[in-house]
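Observations on the three-dimensional arrangement
For reference, the chains in residue letters:
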Amino acid sequence: MTRRKARGWHGRLLAAALGVTALAAATSMWTATANPAEGQPSQAGVSVPDGKDRKVTKVAADIAHASEAGDQGVNITIDDGPDPNWTPQVLRLLKDNDAKATFCLVGPQAEAYPDLVKEIVADGHRLCNHTVSHDTAMDGKSEEYQSKQILDAERMIMKASGGVRSQYYRAPGGAFTPYSRQLAASHGMRPLGWNVDSRDFERPGADTMVATVKNEIANGPTVLFHDAGGERSQTVAALGEVLPWLKQEGYTFGFPVR
């Protein structure tokens, strides 16, 4: 996967989030305990913050790219939201095309717009944890920092969603580490990659995005778009063409494997 450059919006979000990077107390139910011998997170079950003492089933820690829908399945993934302007437009397009998607949510965005998170869930889409501050250099940071970024984001997302868990974890810019993958997997979040990057964050024009998807969909089923982090009218326009084209080509919309 290609590392994406940090953008101004995420730079401001990172600066705001750096003040919360201290590791939570060991007694907190959201602290990731590590095995001193191997540096791997504990496999113990995790209680959720809605008062229900449920346990998490650990999923695979390798990065997923395949689709549950099989060889003709396509996984539409939408990153960095939710956003009050662009997310409703994306949701409308998905509904109009009978398509499902995986929304990779940034913690503070989910916290700011809980009604949108609940709408995403109500429409049958899945949630993905995209950290607190979208730090594309977090693979060079401490395990404490990585833990805080992932687990604090999950707390924010679960609160916003009304207790619905993220089923995936996508590292910003693909900045995965063995530790972050194991940590996410031990909390029930399959690490999630991508095969086709629309590069919509560069705003190259809707036609260019559509051509990228058409040319690269043979690389694999997981397609990356964004509904926040900037002006996304080109993304909305591109999705308006890509979604019906995929259906015409015989693809079905699915979710990444877990």
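In short, a report on the structure. Predicted model, so just to flag it, every value in this text is computed and none were measured. (Residues numbered from 1 in each chain as written. Predicted model: local features only at pLDDT ≥ 70, side-chain atom pairs only at ≥ 80, totals over all residues. Heavy atoms only, no water.)

1. Re the overall build of the chain
Using the following cut-off: Where helices and strands are cited, they refer to DSSP runs of H or I of at least four residues and of E of at least two residues respectively, numbered from the N terminus. A simple rule labels every residue: compare its accessible area, found with a 1.4 Å probe on the protein chains alone, to the largest value its type can have, and call it buried under 20%, exposed over 50%, or partly exposed in between. Contact between two residues is taken to exist if any of their heavy atoms lie within 4.5 Å; hydrogens are not considered.
In terms of regular secondary structure, the chain is built from eight helices and eight strands. Across the 258 residues of the chain, 55% fall into the buried class. Taking as baseline every contact in the chain between residues at least 6 positions apart, the subset at least 24 positions apart corresponds to 78%.

2. Considering the nonpolar core
Inclusion rule: Here, the term nonpolar core denotes a set of buried Ala, Val, Leu, Ile, Met, Phe, Trp, Tyr and Cys residues that are joined through side-chain atoms within 4.5 Å.
Core analysis: the largest hydrophobic core is formed by 35 residues, its most contacted members being Ile76, Phe103 and Leu246. Going through the elements one at a time, β1 (73-79), α2 (86-96), β2 (101-105), α4 (114-122), α5 (143-161), α7 (206-216), β7 (222-226) and α8 (233-248) are the ones with two or more residues in this core. Among the elements that line this core, the one with the most residues is α8, at seven residues.

3. Thoughts on the packing of α7 against α8
This is how the line gets drawn: A fitted line through C-alpha atoms serves as each axis, taken over the contacting stretch for helices, and the angle formed by two N-to-C directions is quoted from 0 to 180°. Working rule for handedness: look at the near helix, and if it is turned counterclockwise from the far one by less than a right angle, call the crossing left-handed; if clockwise, right-handed. Under the scheme applied here, ten amino acids are nonpolar (Ala, Val, Leu, Ile, Met, Phe, Trp, Tyr, Cys and Pro), four are charged (Asp, Glu, Lys and Arg), and all others, including Gly, are polar.
Where α7 meets α8, the axes come as close as 8 Å, and the angle between the chain directions of the two elements is 35°. Crossing of α7 against α8: the hand is right-handed. Where α7 approaches α8, its residues Ala206, Asp207, Met209, Val210, Val213 and Lys214 are matched on the opposing element by Gln234, Thr235, Ala237, Ala238, Glu241, Val242 and Trp245. Residues that form the contact of α7 with α8 fall into these classes: eight nonpolar, two polar and three charged.

4. Side note on the packing of α2 against α4
Our working rule: Roughly parallel refers to an angle under 35 degrees, roughly antiparallel to one over 145, roughly perpendicular to one between 65 and 115, and oblique to any angle outside these ranges.
Following both chains from N to C, one finds α2 and α4 inclined at 10°, their axes separated by 11 Å at the closest point. As judged from the angle between their axes, α2 and α4 are roughly parallel. Residues Thr87, Pro88 and Leu91 of α2 lie in contact with α4, whose contacting residues are Leu116, Glu119 and Ile120. Of the residues in the contact of α2 with α4, the class split is four nonpolar, one polar and one charged.

5. Considering the packing of aromatic side chains
What counts here: Paired rings are identified among Phe, Tyr and Trp, the last through its six-membered ring, by centres lying within 6.5 Å, and are further divided according to the angle between planes into stacked (under 30 degrees), edge-to-face (over 60) and tilted (the rest). In this scheme, the term charge over a ring applies when either NZ of a lysine or CZ of an arginine sits within 6 Å of the ring centre and within 35 degrees of the ring normal.
According to the stated counting rule, one finds one aromatic pair in the structure shown. Residues Tyr169 and Phe176 carry aromatic rings whose centres are separated by 5.7 Å and whose planes lie at 90° to one another, so their mutual orientation is edge-to-face. The residues Tyr169 and Phe176 share a single accessibility class, namely buried. The ring centre of Tyr145 lies 4.6 Å from the NZ or CZ of Lys141, which sits over that ring.

6. Focus: the environment of Gly140
Tracing the chain through its elements places Gly140 in the loop between β3 (126-129) and α5. Residue classification places Gly140 among the exposed residues on the basis of a relative accessible area of 66%. Here the alpha-carbon distance between Gly140 and Ala175, two residues 35 residues apart in the chain, equals 8.5 Å.

7. Description of α7
Heads up, the rule is: Our arc is simply the arc of the directions from the helix axis toward the C-beta atoms.
For α7, the set of buried residues is Ala206, Met209, Val210, Thr212 and Val213. The buried residues of α7 all sit within an arc of 155° when viewed along its axis, so they share a single face. Facing away from the buried surface of α7 by more than 90 degrees, the exposed residues are Asp207 and Asn215. Tucked inside the fold, the buried residues of α7 contact β6 (196-197), β7 and α8.

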